[in-house]
Amino acid sequence: MAEAADIQGTGPSPARRWLRRTITVAFGAPLLAGLLQGPVVAAPAPATTAEDGTGSRTVDVSLDTLAPSAPVAGDTVTVTGTVTNRGKKTVTDATVNLRVGPRMTSRSEIEQVTGRTGFRNDSDPAPLADAPTVKIPRLGAGLSADFSLSVPVSELELDEEGVYQLGVSLTGQTSDRQYDRVLGIERTFLPYQPEPTEKKTQITYLWPLIASAHVSAQTATDDQQTPVFEDDALAAELRPGGRLDQLVSLGRNLPVTWVVDPDLLASVDAMANGYRVKDGDLDVPGRNQALAERWLDALEKAVQGHKVVALPFADPDLASLAHRGKDVPGSLGHLQSATALAGVTVETVLHVPASTDFAWPADGAVDPSIAAVATSAGADKVIARSDSVRDDLPYTPTAARPLGNGSTTAVVSDALLSTAFEGDMVRAEGSTLAVQEFLAQSLAITLEQPEDQRSIVVAPQRMPTASQAQAMATALGGLSGRRWSQPSDLLAAAAAKPDPDASTAVPSSSRYPKALRDRELPVQAFRDMKTTRDELNDFKVILTQPERVVTPFGNAINREMSTSWRGEARAAAIYRNNVLDYLQTLTKGVQLVDKSDLTLSGRSATIPVTVQNKLLQGVDNLVLRLTSANKNRLELNGDRYAELPVKVGGGHSQSVKFTASANVNGQVPMTAQLYTEDGTPYGQPMDFTVKVSEITPTVMLVIAGGVLLLVLAGVRMYSQRKRVAARNAEAEAAEAAEDGTAPEPGRDESGEGEPHGDEPVQPSDPTPDTGPESGDPSGLGEKVDR
């Protein structure tokens with residue numbers, strides 16, 4: 001992941017500044033003004049005291065500033081710093097002085113001097129005669145004192161142009177050894193080129209604008225698909241003094257080639273247009289929109305007139321892909337899509353054209369598989385490094401040369417210059433020593449073959465801190481006089497005429513550094529990417545607006561391959577899991593609604609199955625298949641299974657009905673499964689049971705016989721009632737005749753009309769004794785439609 005924003009400069013540490021202010025208050029300004037002539041009062045050492053020193057490492061000498069960094073005739077060189085007593089004895093009668101020389105004759109000699117610590121009589125020169133010194137009468141154990149020395153160039157004994165060793169030493173005594181000796185020394189380099197060389201080295205300095213991944217695959221539900229960030233840490237790097245802010249503000253005035261990760265531009269552009277940030281299970285509005293707008297505006301102005309190189313989107317780890325991922329199907333396809341997206345992203349955001357012809361493996365380390373993968377997406381130039389592609393030459397050759405079979409151009413950056421600022425540049429000493437060594441090495445390159453002009457490329461660390469960027473800018477400022485070098489750009493460096501003696505062989509796989517291999521993405525990472533990619537491919541075919549899903553997830557998979565994950569295995573795995581989890585959440589938004597068991601009471605019926613779409617967009621190109629586990633008992637459209645198309649609007653459900661025919665009673669397991677149109681299963685199957693309760697012809701015959709018997713019984717009962725009624729009527733009539741009360745023919749006692757003739761009276765049908773049909777459920781299980 002990205003380093004934390006480094007907002008400190010190259011001056012003294014806060015603790016040291018506090019100590020200096022304390023000294024000023026306690027002893028007054030006159031004491032500080034007399035450092036060159038009078039004694040220096042000791043101050044407590046910083047809390048980070050190193051281990052106790054002995055011999056010529058008793059006192060730690062720190063060089064905080066050296067100005068000018070590349071002096072010419074007439075200049076005065078000023079060196080400031082601090083001496084700290086690391087020993088257990090008090091140092092007395094100490095003197096801080098300058099030592100200049102000898103002149104360095106090769107780059108390797110400069111490198112050897114850099115690795116020295118203690119004083120060496122055979123190689124360290126004597127102090128400059130008649131040069132100013134600083135006297136320190138007493139320096140207690142663990143205490144420090146500042147010094148400042150200024151010497152005209154004419155007194156530095158610089159005989160001719162070249163690189164000189166410059167040392168600052170402290171000579172003094174201790175209570176156990178009361179004689180003068182060197183108790184501490186620090187060396188640096190003084191490049192001296194008073195007049196411009198006839199052939200200047202062309203130096204191409206890459207200025208990387210790269211950050212780690214911050215954008216998730218998730219987007220808001222609005223029409224603009226507002227991106228959701230994993231965190232808001234990118235804002236800290238964009239703020240004034242932050243890492244990315246420093247790179248832009250420093251780089252705008254430097255002769256550099258901008259090397260940009262398009263994902264960073266897209267991320268900041270998303271912030272500028274409104275973004276959201278994850279907050280637990282929710283996401284909240286981002287609050288740094290104005291900050292992103294300001295940074296993008298500054299960057300757009302800074303790159304005007306400069307060459308811009310766009311890396312593939314999200315800066316994929318080419319070595320990891322070559323060593324661990326190329327055998328996982330589909331992995332190389334992401335490199336191709338990332339390359340295709342690079343140029344258009346840079347031009348859209350910054351409104352400048354960008355070259356996409358360059359591939360940059362981690363630390364410029366290459367082997368045959370890396371070279372093959374790097375150029376597989378269309379790039380025909382590889383930025384390598386000289387500690388990988390090694391030249392067995394007594395001089396530094398031009399960077400560009402054909403690689404392998406000649407179809408690829410390698411631009412071999414200089415390893416010493418490229419790694420010059422990888423250390424701790426927060427402390428002033430670290431920055432000062434790195435700048436002086438960088439300038440010394442660059443002059444040494446020119447003086448190796450002063451009659452030949454060569455082209456050198458510097459490719460620093462991918463994500464320099466703010467303090468490292470400041471040191472890099474200081475070093476480039478030291479080259480601004482153009483006395484032995486002149487600036488160039490990466491496109492020109494790649495087109496330079498190769499040195500015929502430079503190496504063109506691709507290093508073998510066995511030479512690839514183990515330290516780099518151990519930090520690569522594992523094979524499982526590429527398998528995880530494949531899983532996400534496969535699920536995305538299955539998902540997008542059912543969407544009516546697939547681009548709303550394909551674009552954010554495609555970019556997220558590219559980010560999973562980023563070089564920034566090196567050494568961050570746990571964070572990389574979390575990011576991959578988050579992407580896959582969110583995709584699966586979306587795919588589960590289209591699902592079958594669980595169904596209870598059914599009861600089929602009839603020979604045929606329809607079986608409904610409900611498809612639910614919780615997405616905001618519609619789904620199409622789906623097929624629902626319903627399968628019977630027992631075709632002989634229950635069949636669908638005359639077969640074991642039936643399929644029907646499915647199309648559901650966003651946020652809706654659809655009931656799909658299948659026609660079923662029953663043959664035999666019993667339970668039949670059923671399975672419903674969604675498929676894409678190409679036959680790929682989508683989602684999880686849904687199982688339920690249909691209970692067949694079929695009414696057979698025999699049962700119907702028995703029921704019909706029963707009904708007939710009931711009808712015959714009813715007729716018989718009706719006939720009997722008629723006969724009884726007739727006999728009763730005749731008896732009543734006879735009795736009435738005997739009593740003389742018989743009614744008139746054709747009338748009853750009430751005067752109502754009676755049937756004429758001998759037709760008997762018919763009684764009405766009996767009142768029914770069944771209650772109304774119940775509206776309650778018929779019992780457990782679901783009834784099907786018939």
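Computed from a predicted model, the values in this text were never measured in an experiment.

Caption draft 1: Local environment of the overall build of the chain. A count of helical and extended segments in the chain gives 19 helices and 31 strands. For the chain, the residues scored as buried account for 47% of the 786 residues in total. Partitioning the contacts of the chain with sequence separation of at least 6, the portion at a separation of at least 24 is 78%. Carbon together with sulfur atoms contributes 50% to the accessible area of the chain, which is approximately 37,300 Å² in total.

Caption draft 2: Geometry of the packing of aromatic side chains. Overall, the coordinates contain 6 aromatic pairs when judged by the stated rule. Measuring from centroid to centroid gives 6.3 Å for Tyr-205 and Trp-207, while their planes differ by 50 degrees, and the two rings are tilted. An aromatic cluster is built from Tyr-205, Trp-207, Phe-421 and Phe-438, whose rings are joined through pairwise contacts. Seen from the ring of Tyr-179, Arg-181 lies directly overhead, with NZ or CZ sitting 5.3 Å from the centre.

Caption draft 3: Spotlight on the pairing of strand 28 (residues 653-662). Here 9 bridges tie strand 24 (residues 604-613) to strand 28, and the two strands are oriented antiparallel to one another. Its bridge partner lying in strand 28, Pro-608 is registered against Lys-657. Looking at chain direction, strand 26 (residues 634-636) and strand 28 are connected through 3 bridges and run antiparallel. In the sheet register, Leu-636 faces strand 28, and the bridge partner there is Ala-660.

Caption draft 4: Summary view of the sheet that holds strand 19 (residues 408-413). Strand order in the open sheet made by the 4 strands is 16-17-19-18, with mixed pairing throughout. Of all the strands in the sheet, just strand 16 (358-359) and strand 18 (400-403) have a single pairing partner and so form its edges. Summarising the sheet, strand 18 and strand 19 pair through 4 bridges and their orientation is antiparallel. Note on strand 19: the bridge partner recorded for Leu-403 is Thr-408.

Caption draft 5: Here's a closer look at the environment of Asn-621. Among the secondary structure elements, Asn-621 is positioned in strand 25 (residues 619-628). Note: C-alpha distance between Asn-621 and Val-648 (27 residues apart in sequence) is 10.0 Å. Apart from the residues lying within four places of it in its own chain, the contact partners of Asn-621 are Val-541, Ile-542, Val-646, Tyr-675, Thr-676 and Glu-677. Polar contacts involving the side chain of Asn-621 include one to the main-chain carbonyl oxygen of Val-541, which spans 3.1 Å.

Caption draft 6: The arrangement of the pattern of salt bridges in detail. Tallied over the entire structure, the rule returns 25 salt bridges. The salt bridge involving Asp-60 is made with Arg-86; its shortest N-O contact spans 3.5 Å. One end of the pair, Asp-60, is in strand 2 (residues 59-67); the other, Arg-86, is in the loop between strand 3 (76-85) and strand 4 (91-104), and 26 residues separate them in sequence. You can call Arg-86 buried: its relative accessible area is 12%. With a closest N to O distance of 2.6 Å, Asp-124 and Arg-187 form a salt bridge. Here the residue Asp-124 occupies a position in the loop between helix 3 (107-114) and strand 5 (134-139), and Arg-187 occupies one in strand 8 (residues 177-192), the gap between them amounting to 63 residues.

Caption draft 7: Layout of the nonpolar core. Counting 74 residues, the largest nonpolar core has Phe-539, Ile-607, Leu-624, Leu-626, Leu-634, Met-670 and Val-690 as its most contacted members. Leaving out residues up to four positions away in the same chain, Leu-634 has contacts with Leu-600, Ile-607, Ser-628, Ala-660, Ser-661, Ala-662, Val-668, Met-670, Val-690 and Val-692. Formed by 67 residues, the second largest nonpolar core is a distinct cluster that contains Val-163, Leu-244, Val-352 and Phe-421.

Caption draft 8: Seen up close, helix 13 (residues 466-478). Taking 1.5 Å of rise per residue, 13 residues should cover 18 Å, and helix 13 covers 19 Å from first to last C-alpha, within 8% of that figure. Those residues of helix 13 lying buried are Ala-466, Ser-467, Gln-468, Ala-469, Gln-470, Ala-471, Met-472, Ala-473, Ala-475, Leu-476 and Gly-478. Each element contacted by the buried residues of helix 13 is listed here: strand 9 (201-209), helix 5 (243-251) and helix 12 (428-448).

Caption draft 9: Just the side chain of Ser-62, in detail. For Ser-62, the location among the structural elements is in strand 2. Ser-62 sits in the buried class, given a relative accessible area of 1%.

Caption draft 10: Expanded view of the sheet that holds strand 10 (residues 215-219). As summarised here, the arrangement of the 4 strands in space is 10-11-13-14, forming an open sheet in which the pairing is mixed. A strand with exactly one partner marks an edge of an open sheet, and here the two such strands are strand 10 and strand 14 (282-285). Adjacent strand axes in the sheet meet at a mean angle of 40 degrees when their direction is disregarded. Where strand 13 (residues 276-279) and strand 14 come together, 4 bridges link them in antiparallel fashion. Within the sheet, the bridge partner assigned to Val-277 lies in strand 14 and is Val-284. Each of strand 10 and strand 13 is contacted by helix 18 (residues 569-587), which is oriented at about 10 degrees to strand 10, the strand it contacts most.

Caption draft 11: Geometry of helix 16 (residues 523-540). Taking 1.5 Å per residue, 18 residues should reach 26 Å; helix 16 reaches 26 Å between its end C-alpha atoms and fits that length. Buried within helix 16 are the following residues: Ala-525, Phe-526, Asp-528, Met-529, Thr-532, Arg-533, Leu-536 and Phe-539. Angularly, the buried residues of helix 16 cover 155 degrees about the axis, an arc narrow enough to put them on a single face. Looking at the buried positions of helix 16, the neighbouring elements they touch are helix 8 (318-325), helix 9 (331-350), helix 17 (547-560), helix 18 and strand 30 (681-692).

Caption draft 12: Molecular detail of a negative patch on the surface. Taken together, the side chains of Glu-157, Asp-159, Glu-160, Glu-161 and Glu-195 present a region of like negative charge at the surface. The topology assignment puts Asp-159 in the loop between strand 6 (143-152) and strand 7 (162-174). We classify Asp-159 as exposed; its relative accessible area is 73%.

Caption draft 13: How the structure looks around the environment of Thr-219. Residue position: Thr-219 is located in strand 10. Classification of Thr-219 as buried rests on a relative accessible area of 18%. Residues Thr-219 and Tyr-275, spaced 56 residues apart in sequence, show a C-alpha to C-alpha distance of 9.0 Å. When sequence neighbours within four positions are dropped, the list of residues in contact with Thr-219 reads Gln-225, Thr-226, Pro-227, Val-228, Pro-552 and Tyr-582.

Caption draft 14: How the structure looks around the packing of helix 9 against helix 17. Helix 17 packs onto helix 9 with a crossing angle of 110 degrees between their chain directions and a minimal axis gap of 10 Å. Comparing their axes, helix 17 and helix 9 come out roughly perpendicular. Every residue of helix 17 that contacts helix 9 at His-334, Ser-337, Ala-338 and Leu-341 is listed here: Asn-555, Ile-557 and Asn-558. Taken together, the residues of the contact of helix 9 with helix 17 break down into 3 nonpolar, 4 polar and no charged.

What counts and what doesn't
Counting of residues starts from 1 at the beginning of each chain's written sequence and follows it residue by residue. Predicted model: local features are reported for residues with pLDDT of at least 70 only, side-chain atom pairs are reported and counted for 80 or more only, and whole-chain, interface and lining totals are derived from all residues. No hydrogens and no water enter the side-chain calculation; it runs on all heavy atoms of the structure. By definition, any uninterrupted DSSP run of H or I lasting at least four residues is a helix, any uninterrupted run of E lasting at least two residues is a strand, and each is numbered from the N terminus. Type-normalised accessible area, obtained with a 1.4 Å probe on protein chains alone, sets the label of each residue: buried when under 20%, exposed when over 50%, and partly exposed for intermediate values. Residues count as neighbours in contact if any of their non-hydrogen atoms are within 4.5 Å of one another. Here the open area of atoms and residues is found with the Shrake-Rupley method and a 1.4 Å probe, where only the protein chains shown may cover a residue. Think of it this way: a Phe, Tyr or Trp ring, Trp meaning its six-membered ring, pairs with another when their centres are within 6.5 Å, and the plane angle makes it stacked under 30 degrees, edge-to-face over 60, tilted otherwise. The rule for a charge over a ring is simple: NZ of Lys or CZ of Arg within 6 Å of the ring centre, and within 35 degrees of the ring normal. Between any two strands, at least two bridges found by DSSP are needed for them to pair. Definition of a polar contact: a pair of N or O atoms within 3.5 Å, with one able to donate and the other able to accept a hydrogen when the atoms are protein atoms, and with sequence-neighbouring residues admitted only if both atoms are side-chain atoms. For this document, the term salt bridge refers to a Lys or Arg side-chain nitrogen within 4 Å of an Asp or Glu carboxyl oxygen. What makes a nonpolar core is a set of buried Ala, Val, Leu, Ile, Met, Phe, Trp, Tyr and Cys residues whose side-chain atoms join them at distances within 4.5 Å. One less than the number of residues in a helix, times 1.5 Å, gives the span that helix is expected to have. Where helices are involved, their axes are fitted lines through C-alpha atoms of the stretch in contact, as for all axes, and angles between N-to-C directions lie from 0 to 180°. What the arc covers is the set of directions going from the helix axis to the C-beta atoms. Like-charged residues within 9 Å of one another, or nonpolar side chains (Val, Leu, Ile, Met, Phe, Trp, Tyr) within 5 Å, are grouped into patches, provided each residue has over 30% relative accessible area and no salt bridge. None of His or the chain ends enter the tally, which takes Lys and Arg as positive and Asp and Glu as negative. By convention, the point assigned to a charge is CZ for Arg, NZ for Lys, CD for Glu and CG for Asp. Each angle is binned into one of four classes, with values under 35 degrees roughly parallel, values over 145 roughly antiparallel, values of 65 to 115 roughly perpendicular, and all other values oblique. Put simply, Ala, Val, Leu, Ile, Met, Phe, Trp, Tyr, Cys and Pro go in the nonpolar bin, Asp, Glu, Lys and Arg in the charged bin, and everything else, Gly too, in the polar bin.

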